[in-house]
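Remarks on the overall topology
Here's the letter readout for the chains.
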Amino acid sequence: MRPISALLRRPALSSIVFSSRRCLFSTTVSAREEAMPISRSITVMQPPPDARILSRAERPLPVLFNSQEAALSRKQLAGRTGVLAIKKGMQAYYEENGTRVPVTVLVVDRVQVTHVKTSTKEGYFAVQVGAGARNPRNMTKAVIGHLTKNAIPPKAKIAEFRVRDESGLLPVGTPITVDFFKEGQYVDARGIGKGKGYSGVMKRFGFSGLPASHGVSASHRSAGSTGQSQDPGRVLKGKKMSGRMGGEHVTTQNVKVVKVMPEIGVILVKGPVPGPKEGWVSIQDAIKKEDP
Amino acid sequence: MRLSLFNRLQLRPTAPALSMLRSSISLVQNAGYKIYSKPKKVARKIPVSPPSLLPANTHPIIYITDQLKKDLDPTGWRRKLFERSSDICVKPGDVIRVLFRGESRDAFTGTIMGIKRAGLDTSVRLRSEVAQVGIELSVKVYSTSVENFEFISRATKRARRAKLYYLRPDERK
């Protein structure tokens, strides 16, 4: 919307044209026009009664592209909070129509909302969630105090789930059960993937290695050449080489929820999920699918 | 004693309206100032966690497998047919017929070549000769597409092997 001052400075273009046309041509109304008048509808924008020219300091600033508010509006986030679960292993699940689905067993154990983050205070919307149980003797007083001030028992794991806006926030202390998810919906599963240790270039980056025979001596799994000749005369930064692989944060998107077992707090999801057995997995509504 | 008193001294001007501070006075007035000591902090009680929903002494996978088995096989007939300790257990060499749910799949009769025991994934491999063409079929015992197993005949002689792959024709000939 243009500021009021601009409107007051430049009158509507149509009004100028209308007045000049009147001067150039005959002012008498033709017979045809008298019989069937052509409606010359010209909209002249009238400023509101309380309009005044704003000073430079009063003019509203545009939202900067690299501000936190603009970033929040651009982000693709889930509408609701997520849940922390423990990956216990995999199993087979037979559906009613006879299909066998490989499922991962995820145990949701005593999950509660521990803290809530808002746009006004922290600059974004998030729900902090705690799961499991832990001996308070093995926890710092800071963490115990953070939970105890809202009458929450000591939790084994605390994690945050970003949400789109305040409609996804839950009151602190709310228990989140497995009923939160519906059978057939899609979720994103996040976890720290299994560590592979120091791995070679074939496993780590999918290099083809060298031939198994034809004179290749003791370098069947090596990378081969690592660069050019005198120019650049060095190995470029970021060259794919052997090194530690795995143990990183991994997200598997669009994982289908096959079965929800509320009596024992277990979710069965289709397919594998990042991380080893007994590892923590964060489950939240899939951002690339519609809100359930 | 003297050192602790010095540490606890909080020199503040007199404030008659602050009754809460007055209640924590532990020392006598001195030179127009009241000496206060901090009220003793009572440690907040840490709430106790409720027990977990899963039973304590069983592994969740084993517990869930049992739950799923109860849904798939409430009477336990599938388990009895393939459990080694059961008296009606099928053995390699026996002939059985599998009936599938729905009209699309026909029943399959064949000799048991082997039983792979893997919990919910327990499967049985059947071999049959149909129009001089050998056909093998691996059937998941707990699958919902399996309606029934029919026992046709027991092996004439006990097979001395668990897996009867020798029934397959020799490719060398």
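Higher on the page you've got the structure.
Residues numbered from 1 in each chain as written. Chains lettered and ligands numbered in written order. Predicted model: local features only at pLDDT ≥ 70, side-chain atom pairs only at ≥ 80, totals over all residues. Heavy atoms only, no water.

For the structure on display, the rule yields 4 aromatic pairs over all chains. A centroid spacing of 6.2 Å and a plane angle of 40° characterise the contact between Phe205(A) and Phe207(A), whose relative ring orientation is tilted. Owing to a relative accessible area of 33%, Phe205(A) belongs among the partly exposed residues under this scheme. The interplanar angle of 70° and the centroid separation of 5.2 Å between the aromatic rings of Phe82(B) and Phe149(B) together place this pair among those described as edge-to-face. Of this pair, Phe82(B) sits in helix H4 (residues 77-82) while Phe149(B) sits in strand S7 (residues 146-153), placing them 67 residues apart in sequence. Across this residue pair, the class does not change: Phe82(B) and Phe149(B) are buried. Counting every residue linked through ring pairs, the aromatic cluster contains Trp77(B), Phe82(B) and Phe149(B). Here Arg74(A) stacks its cationic end above the ring of Phe65(A), 4.3 Å away from the centre of that ring. Over the aromatic face of Tyr186(A) sits the side chain of Lys289(A), whose NZ or CZ is 4.3 Å from the ring centroid. (Phe/Tyr/Trp six-rings, centres within 6.5 Å; stacked < 30°, edge-to-face > 60°. Buried < 20%, exposed > 50% of the residue type's maximum accessible area, 1.4 Å probe, protein only. Helix = DSSP H or I, 4+ residues; strand = E, 2+ residues; numbered from the N terminus. Lys NZ or Arg CZ within 6 Å of the ring centre and 35° of its normal.)

Turning our attention to the environment of Val130(B). All names here are of chain B. Examined against the element boundaries, Val130 turns out to sit in strand S5 (residues 123-130). Overall, Val130 belongs to the partly exposed group, its relative accessible area being 44%. Distance from Val130 to Gly110, taken between C-alpha atoms, is 9.9 Å for residues 20 residues apart in sequence.

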